[in-house]
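Results of the structural survey
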Amino acid sequence: MWGDTPPEYLWYDGKMTPWNDANVHVSQGHIFAHSIFEGIRAYWNDEEERLYIFRLKEHLDRLYRSIKLMRMTSEFKIGQVTSASSEVLTINGYKEDTYVFPTVFFDPMVYLNKMIGPTHMFIHTFPHASKLDKPDGASACISSWTRINDNILPARVKCWANYRNSAIAWTDASLKGFDETLLLNSRGKICEAPGACVMMLQNGVVITPPVTADILESVTRATLIQIGREVLGLEVVEREIDRTELYTADEIFLCGTGAEVSPISSIDNYTVGAGGIGPVTEQFRRAYNDIIRGIDTRYEEWRTVVE
Ligand SMILES: Cc1ncc(COP(=O)(O)O)c(C=O)c1O
């Protein structure tokens, strides 16, 4: 299970289902390699006393791109899953930052040459506090493991099988004493972290690898590109990045639904900037925090109010 406290209910194949009744048989426990998912956050606004789901539409659009790409079909329309995502938060009564995890999986009895067609779907939720108020810099290394490429598995969507590549790289880095790692793609260019995208600042310009660099098509990356340009008035460029560019970057940060805006303070033991959170990363952190919680009321279309 993800999260310390199980929710009372999951949404499972169209029904609100008590936690203990949402089962698959032990013989089918390998479903994760047969599944795709989304990681979505709902943020609590203290003053308004309500939850906002952040960029639900974009996450569910990607869920349905994952379904298509992995040759799955679902009996549930995107509108039903949109409503179910709010309803499962309401029924569990959350009043804190919470994760929403829709997962779609094949019946595990399908064999490798028949992995096509109908699926099951569940939406699992669990409280998970934002780390945006604790912006400590992380140490990172360049991984000796290469990121899967688009001709191996589609890194652009959230397919659980991709995360074996993430896990082997991150565990390796962690055993070597680093908090984080960045993988190169098969062309030897900077790709992404095991669970987040990367941005660097050089001479006042924000630079991030393009969506053709074998990265996940990250919702947060797209959000920060827009915030960088429209809110912070920065130049943001999507282009390939060499590893040695990171060694002399002024600032580096990871971004993602889980990572939010997370500064990197060293890379392969090269100190990044002054070693803490850089001033531009700090601007992104504040702007992102205010927008996700609806403190900054712009970009209303990015927030779904949980009624
Ligand atoms: C491999 C990978 N890259 C990037 C991201 C960031 O994506 P998003 O901003 O859509 O959460 C994630 C987050 O789940 C991820 O797992």
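Since this is a predicted model, take the numbers as computed values, not measurements. (Residues numbered from 1 in each chain as written. Predicted model: local features only at pLDDT ≥ 70, side-chain atom pairs only at ≥ 80, totals over all residues. Heavy atoms only, no water.)

1. Considering the packing of aromatic side chains
Under the definition given, this model contains 15 aromatic pairs. Measuring from centroid to centroid gives 6.0 Å for Phe 54 and Trp 302, while their planes differ by 90 degrees, and the two rings are edge-to-face. Of the two residues, Phe 54 sits in strand β5 (residues 50-54) while Trp 302 sits in the loop between α6 (279-292) and β18 (303-305), which places them 248 residues apart along the sequence. For Trp 302, a relative accessible area of 2% translates into the label buried. Grouping aromatic residues by their ring pairs yields a cluster made of Phe 37, Tyr 99, Phe 101, Phe 126, Trp 160 and Tyr 163. In this structure, Arg 303 packs its charged tip against the face of Tyr 52, placed 5.8 Å from the ring centre. (Phe/Tyr/Trp six-rings, centres within 6.5 Å; stacked < 30°, edge-to-face > 60°. Helix = DSSP H or I, 4+ residues; strand = E, 2+ residues; numbered from the N terminus. Buried < 20%, exposed > 50% of the residue type's maximum accessible area, 1.4 Å probe, protein only. Lys NZ or Arg CZ within 6 Å of the ring centre and 35° of its normal.)

2. Things to note about the nonpolar core
Core analysis: the biggest nonpolar cluster contains 26 residues, and Leu 224, Ile 227, Phe 284 and Tyr 288 have the highest contact counts within it. Breaking this core down by element, the ones donating at least two residues are β12 (197-202), α4 (219-231), β15 (251-256) and α6. Among the nonpolar cores identified, the runner-up in size contains 25 residues, and Ile 36, Ala 42, Leu 63 and Val 88 belong to it. (Core = buried A, V, L, I, M, F, W, Y, C linked by side-chain atoms within 4.5 Å.)

3. Digging into helix α2 (residues 78-92)
Within an α-helix, residues lying three or four positions from one another point in the same direction, as the helix has 3.6 residues per turn. With 15 residues, α2 ought to run about 21 Å at 1.5 Å a step, and its terminal C-alpha atoms sit 22 Å apart, in line with that. For α2, the complete set of buried residues consists of Val 81, Ala 84, Ser 85, Ser 86, Val 88, Leu 89 and Asn 92. Positive phi shows up at Gly 93, right after α2, with a value of about 65 degrees. (Expected span 1.5 Å × (residues − 1).)

4. Digging into the site of the ligand
Not every one of the 18 residues close to the ligand is listed here, only the nearest: Lys 158, Tyr 163, Ser 218, Thr 220 and Thr 257. Within the side chain of Ser 218, a nitrogen or oxygen atom sits 2.7 Å from an oxygen atom of the ligand. Interatomic distance of 2.5 Å between a side-chain N/O atom of Thr 257 and an oxygen atom of the ligand. When the ligand is considered free in solution it has 390 Å² of accessible area, and contact with the protein chains removes 95% of it. (Near = heavy atom within 4 Å. Polar contact = N/O pair within 3.5 Å; in protein donor to acceptor, adjacent residues only side chain to side chain. Areas by Shrake-Rupley, 256 points an atom, 1.4 Å probe, with all protein chains shown as cover.)

5. A short note on the domain arrangement of the protein chain
Along its sequence, the protein chain is carved into domain 1 (9-127) and domain 2 (138-292). Once you take the C-alpha centre of each, domain 1 and domain 2 turn out to be 26 Å apart. Across the contact, 23 residues belong to domain 1 and 20 residues belong to domain 2. For the pairing of domain 1 and domain 2, the buried interface totals around 1900 Å² over both sides, and the portion due to carbon and sulfur atoms is 64%. If you sort the residues of domain 1 by the area they bury against domain 2, Phe 37, Phe 54 and Arg 62 come out on top, with a joint share of 33%. Across the domain 1-domain 2 interface, the total number found is 2 salt bridges. On inspection of domain 1 and its partner domain 2, the count reaches 9 residue pairs in polar contact (both at pLDDT 80 or more). (Domains from an automatic or database assignment. Contact = heavy atoms within 4.5 Å. Buried area = accessible area lost by both parts, 1.4 Å probe. Salt bridge = Lys/Arg side-chain N within 4 Å of Asp/Glu carboxyl O.)

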